[in-house]
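A look at the structure
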Amino acid sequence: MTLVYLGGSITEGASASPQKTHCYAALSAKAFAEKFAADPEKVHYVNAGISGTPSRLGITRLEQDVLSKSPDVVFIEFAVNDANDKQSQMVYESLVRRLLQSETSPAVVLIFTLLDSGYSCQPHMSKIGAYYDLGMISVKDALQPEFTAGRMTFRDYSKDYAHPTTEGHDFIARMVGYYFDQAAATEPMPYSMPEEPVIGNFCENLVNIRQGSPLIKAEGSLKADVTPCYSYLKGWKHTMYTGKEPMVLELTGGPLFLVFKQENNPNCGNLEVWVDGTLKKTLNGHSPSAWGNPVTEIIGIGDVTKPHTVELRMAEGDHMKNFSLLDLAYVPGK
């Protein structure tokens, strides 16, 4: 059995101590092994959480960080990292659909956390979960009544605005353990995924563009290189020594997903995205709030039935600075 946990900093284990062994994901995977496995060593656990990341990054990581592990169960935790706009909702549904249709047909369980402000994407995520008849675990529904009644405060769960304490992680793990018990007591039933989406699935068929892809017509100054950033290991780097020429791609389809490393370092510059000669977006490689984290931008490239030329070039005046492009992905045209 392989259990994969995909999410943001809460899944990664922020504020748990020790983080690797006392995050809710590790604790609940251990509980699963103890409950159901004659040999616990045969239960494999993968923590695919990355701090500060939403579903739009999660879906670009599915192939490498989740599907390659041949998962039997996948937990998804993006309720406090996602936005509520229509595009974000469709990305989340696309991610769910991609998992349900993957080779190992894993059970998919949605986890809904919350911020101290009460913010959570549970409303639209639970709508998607109900439509696909998925397991759902709501930390928000468990805690909010306690806060309202004055029996506890958010600080009893988290010492900041979002991340559970070690005790908070244990609490979520026990909720997951309760879910395991309920699932074990439920009679198995055949499952058939609905053909049509409930909100939208525009990036369900997202394809990663790797080093050496024939879609890359010229690397330009973005040279294939090692780009260590969490689970992103091989991408493309621009440095002061690699020149000024743009990377050129030819694509039929869209939109285009670009994942890049953002750093709190003024030596990191900006990358411009040009489509058919028009500037579409500038990616900021430097941010005062960054910590070397991956960031995802989604770029519309026009008519998905026609070929387009995409150029990725350093902004004017930034050719002597650095930029790390971690991943490229797009939705092929029909």
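This report concerns the structure included in the present document. Worth saying up front: this structure is predicted, and the values here are computed from it rather than measured.

**Details of helix α6 (residues 122–131)**
Looking only at α6, the buried set comprises Gln122, His124, Met125, Ile128 and Gly129. Once α6 finishes, Asp133 follows within two positions and takes phi at roughly 55°, a positive value.

**Some details on the packing of aromatic side chains**
All told, the structure shown has 11 aromatic pairs when counted by the stated rule. Ring centres 5.7 Å apart and planes at 75° place the aromatic pair Tyr5 and Tyr45 in the edge-to-face group. Taken together, the residues span a long stretch of sequence, with Tyr5 in strand β1 (residues 2–7) and Tyr45 in strand β2 (residues 44–49) at a distance of 40 residues. Look at Tyr5 and you get buried, because its relative accessible area is 0%. Residue class for Tyr45 comes out partly exposed when judged on its relative accessible area of 30%. Plain terms: the ring middles of Phe36 and Phe180 are 6.3 Å apart, the flat faces sit at 80° to each other, and that makes the pair edge-to-face. Highlighted residues: Phe36 in helix α3 (residues 24–36) and Phe180 in helix α9 (residues 166–184), separated in sequence by 144 residues. Judged by relative accessible area, which is 41%, Phe36 ranks as partly exposed.

**Focus: α3**
With 13 residues, α3 extends 18 Å from end C-alpha to end C-alpha; this agrees with the ideal 18 Å at 1.5 Å per step. Along α3, the positions that sit buried rather than exposed are Tyr24, Ala25, Ala26, Ser28, Ala29, Ala31, Phe32 and Ala33.

**Thoughts on the sheet that holds strand β5 (residues 135–138)**
Across the sheet, 5 strands lie side by side as β2-β1-β3-β4-β5; this open sheet has parallel pairing. Unpaired on one side and paired on the other, β2 and β5 mark the two borders of the sheet. Each adjacent strand pair in this sheet contributes to an overall mean axis angle of 15°, direction not counted. Here strand β3 (residues 73–77) pairs with strand β4 (residues 107–112) via 4 bridges, running parallel. Bridge pairing links Val73 to Ala107 in β4. Sitting on the sheet, helix α7 (residues 139–149) touches β4 and β5, and the angle it makes with β5 is about 30°.

**A closer look at the pairing of strand β10 (residues 247–262)**
Most of β10 sits inside the fold, with 14 of its 16 residues counted as buried. Where strand β7 (residues 216–218) lies against β10, 2 bridges are found, and the strand directions are antiparallel. Looking across to β10, one finds that Ile216 is bridged to Leu249. Relative to strand β14 (residues 307–314), β10 runs antiparallel, the two sharing 6 bridges. Looking at β14, one finds that Leu249 is bridged to Val310.

**Examining the nonpolar core**
One broad trend across soluble globular proteins is that nonpolar side chains are buried collectively. Judged by nonpolar contacts, the single largest core of 34 residues is most densely connected at Ile59, Ile76, Tyr92, Leu95, Val96, Leu99 and Leu110. At the level of secondary structure, the elements contributing two or more residues to this core comprise β1, β2, α4 (55–66), β3, α5 (86–100), β4, α6 and β15 (323–332). When residues of this core are assigned to their parent elements, the largest contribution, 7 residues, is made by α5. Setting aside anything within four residues of it in sequence, one finds Ile59 in contact with Val91, Ser94, Leu95, Cys203, Leu206 and Phe257. The next biggest cluster of nonpolar side chains, apart from the first, holds 31 residues, and it includes Ala26, Phe75, Leu143 and Ile172.

**Some remarks on the pattern of salt bridges**
On inspection of all chains with the given rule, the structure shows 10 salt bridges. Of the charged contacts in the structure, one is a salt bridge between Arg174 and Asp170, with a shortest N-O distance of 3.0 Å. Of this pair, Arg174 and Asp170 both sit in helix α9, 4 residues apart, roughly one helical turn. Residue classification places Arg174 among the exposed residues on the basis of a relative accessible area of 54%. With relative accessibility at 33%, the residue Asp170 sits in the partly exposed group. For Glu297, the salt bridge is made with Lys281, and the minimal N-O distance between the two is 3.9 Å. Here Lys281 lies in strand β12 (residues 278–284) and Glu297 lies in strand β13 (residues 293–299), a separation of 16 residues in the sequence.

**A closer look at the side chain of His308**
Tracing the sequence through the fold places His308 in strand β14. On the accessibility criterion, His308 (8% relative accessible area) is buried. Here Asp276 takes part through its side chain, which lies 2.6 Å from a polar atom of the side chain of His308. Only 2.6 Å separates the side chain of His308 from the backbone oxygen of Asp303, close enough to count as a polar contact. Residues in contact with His308, not counting those within four places in the same chain, are Leu249, Glu250, Leu251, Gly253, Val275, Asp276, Ile301, Gly302 and Asp303.

Thresholds applied
Residues numbered from 1 in each chain as written. Predicted model: local features only at pLDDT ≥ 70, side-chain atom pairs only at ≥ 80, totals over all residues. Heavy atoms only, no water. Buried < 20%, exposed > 50% of the residue type's maximum accessible area, 1.4 Å probe, protein only. Helix = DSSP H or I, 4+ residues; strand = E, 2+ residues; numbered from the N terminus. Phe/Tyr/Trp six-rings, centres within 6.5 Å; stacked < 30°, edge-to-face > 60°. Expected span 1.5 Å × (residues − 1). Pairing = 2+ DSSP bridges. Axes fitted to C-alpha atoms, helices over the stretch in contact; angles between N-to-C directions. Contact = heavy atoms within 4.5 Å. Core = buried A, V, L, I, M, F, W, Y, C linked by side-chain atoms within 4.5 Å. Salt bridge = Lys/Arg side-chain N within 4 Å of Asp/Glu carboxyl O. Polar contact = N/O pair within 3.5 Å; in protein donor to acceptor, adjacent residues only side chain to side chain.

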